[in-house]
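# Structural overview
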Amino acid sequence: MNQDELKQAVALAALETIRPKLERESIIGIGTGSTANCFIDALAQVKQLFDGAVASSEASAERLKSHGIPVYDLNSVNEIQFYIDGADESNERLELIKGGGGALTREKIVAAVADQFICIADESKLVPLLGTFPLPVEVIPMARSYVARELVKLGGDPVYRSGFVTDNGNLILDVHNLQINVATTLEEQINNITGVVTNGLFAVRPANLLLLGTQQGVKEYR
Ligand code: 5RP
């Protein structure tokens, strides 16, 4: 199977995981990216089984709506049963790097609300140590240079994602060469820099289940 087929396989596996638990009033949190898109397309087949979705990006909201799936504002929703999203990297503790698509802040908010975070990814995303993928950090525009200097003090090499503006109107710094030994600590350290909105480490709130598409089938990590 090629990478796209692996993404489709994990999207279908995620659908089969949540399908028996869906209720008429269920709201599902939806991530962003090519794997999340596979899940959205699969979810459309069972749209009569649940109420609607909360999206982590404008792009995902548009895709959900194009399938006729109602999209709710998070503020009008009390509970999200499942959050389904991809990742740029995961370790075996289900700590993630996310934000390659720049949607990390809304992704982190929806993941925080969700009862269960199911991460779906092809096998290339499972790594022994996080940090080969540059860590995205969403930054308030006027703080860009200050935050970059602080990230250098933490040992990283921040690179401004030129020409990219997040759905929240902010900028992204992609931080290369970080030594991520204790992901929860680094996540909090970076979030404590004034001007940082959030960073792409999902370690304080990791995934609950990783469905990994491999050549031997979909593997589950908990
Ligand atoms: C977007 C994300 C995505 O989940 C991540 O970039 C993985 O994307 P893909 O499924 O296309 O490989 O965090 O902000």
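Residues numbered from 1 in each chain as written. Predicted model: local features only at pLDDT ≥ 70, side-chain atom pairs only at ≥ 80, totals over all residues. Heavy atoms only, no water.

As recorded in an unreviewed UniProt entry, the protein goes by the name Ribose-5-phosphate isomerase A, listed as coming from Aestuariirhabdus litorea. On record in UniProt, under Catalytic activity (unreviewed entry), the comment for the protein is "aldehydo-D-ribose 5-phosphate = D-ribulose 5-phosphate". Listed under Pathway (unreviewed entry) in UniProt, the entry text for the protein is "Carbohydrate degradation; pentose phosphate pathway; D-ribose 5-phosphate from D-ribulose 5-phosphate (non-oxidative stage): step 1/1." (UniProt positions renumbered as here; feature names shortened; annotations may be inferred.)

## Thoughts on the overall build of the protein
Of the regular secondary structure elements, the protein holds 6 helices and 13 strands. Over its C-alpha trace the protein gives a radius of gyration of 17 Å, about what one expects of a compact globule, namely 17 Å for 222 residues. Seen through its principal axes, the protein has C-alpha atoms that stretch 50 × 40 × 30 Å. Looking at the protein residue by residue over its 222 residues, the buried ones come to 53%. Taking as baseline every contact in the protein between residues at least 6 positions apart, the subset at least 24 positions apart corresponds to 74%. Approximately 10100 Å² of the protein is accessible, and the part contributed by carbon and sulfur atoms is 49%. (Helix = DSSP H or I, 4+ residues; strand = E, 2+ residues; numbered from the N terminus. Rg over C-alpha atoms; globule rule 2.2 N^0.38 Å. Buried < 20%, exposed > 50% of the residue type's maximum accessible area, 1.4 Å probe, protein only. Contact = heavy atoms within 4.5 Å. Areas by Shrake-Rupley, 256 points an atom, 1.4 Å probe, with all protein chains shown as cover.)

## A word on the sheet that holds strand S13 (residues 217-221)
If you trace the 6 strands from one edge of the open sheet to the other, you get S2-S1-S3-S6-S12-S13, paired in mixed fashion. The sheet is open, and its two borders are formed by strand S2 (52-55) and S13, each paired with just one other strand. Averaged over all neighbouring strand pairs, the angle between strand axes comes to 25°, with direction disregarded. Relative to S2, strand S1 (residues 27-30) runs parallel, the two being bridged by 4 bridges. Bridged to Gly29 within S2 is Val54. (Pairing = 2+ DSSP bridges. Axes fitted to C-alpha atoms, helices over the stretch in contact; angles between N-to-C directions.)

## A word on the site of the ligand
Neighbouring the ligand are 17 residues; Ser34, Thr35, Asp88, Gly99 and Lys125 lie closest to it. Contacts to the ligand include Thr32, whose backbone N or O atom sits 3.1 Å from an oxygen atom. Gly86 places a main-chain nitrogen or oxygen 3.3 Å from an oxygen atom of the ligand. Here the ligand, which alone exposes 380 Å², has 90% of that area covered by the protein. Grouping the amino acids of the shell around the ligand by side-chain chemistry returns 2 nonpolar, 9 polar and 6 charged. (Near = heavy atom within 4 Å. Polar contact = N/O pair within 3.5 Å; in protein donor to acceptor, adjacent residues only side chain to side chain. Nonpolar A, V, L, I, M, F, W, Y, C, P; charged D, E, K, R; others polar.)

## Brief notes about the packing of aromatic side chains
Applying the stated criterion across every chain yields a total of 2 aromatic pairs. Residues Tyr83 and Phe117 carry aromatic rings whose centres are separated by 5.1 Å and whose planes lie at 55° to one another, so their mutual orientation is tilted. Residue Tyr83 is found in strand S3 (residues 80-85), and its partner Phe117 is found in strand S6 (residues 114-122); the two are separated by 34 residues along the sequence. Of the two residues examined, Tyr83 and Phe117, each falls in the buried class. Ring geometry for Phe117 and Phe202: centres 6.4 Å apart, planes at 65°, overall edge-to-face. Of this pair, Phe117 sits in strand S6 while Phe202 sits in strand S11 (residues 201-202), and the two are 85 residues apart along the sequence. What makes Phe117 buried here is its relative accessible area of 0%. Looking at Phe202, the relative accessible area reads 1%, which means it is buried. A connected cluster of aromatic rings, assembled from ring pairs, spans Tyr83, Phe117 and Phe202. The cationic tip of Arg144 hangs over the ring face of Tyr160; the distance from NZ or CZ to the ring centre is 4.4 Å. One Lys or Arg, Arg161, reaches over the ring of Phe164 and ends 5.2 Å from the middle of that ring. (Phe/Tyr/Trp six-rings, centres within 6.5 Å; stacked < 30°, edge-to-face > 60°. Lys NZ or Arg CZ within 6 Å of the ring centre and 35° of its normal.)

## Considerations on the pairing of S1
Across the two faces of S1 the burial is the same, with Ile27 and Gly29 and Ile28 and Ile30 all buried. Crossover handedness for the path S1 to helix H2 (residues 34-43) to S2: right-handed. By the bridge criterion, 3 bridges tie S1 to S3 in an arrangement that is parallel. Within the sheet, the bridge partner assigned to Ile28 lies in S3 and is Phe82. (Right-handed = clockwise from strand over helix to strand, strands pointing away.)

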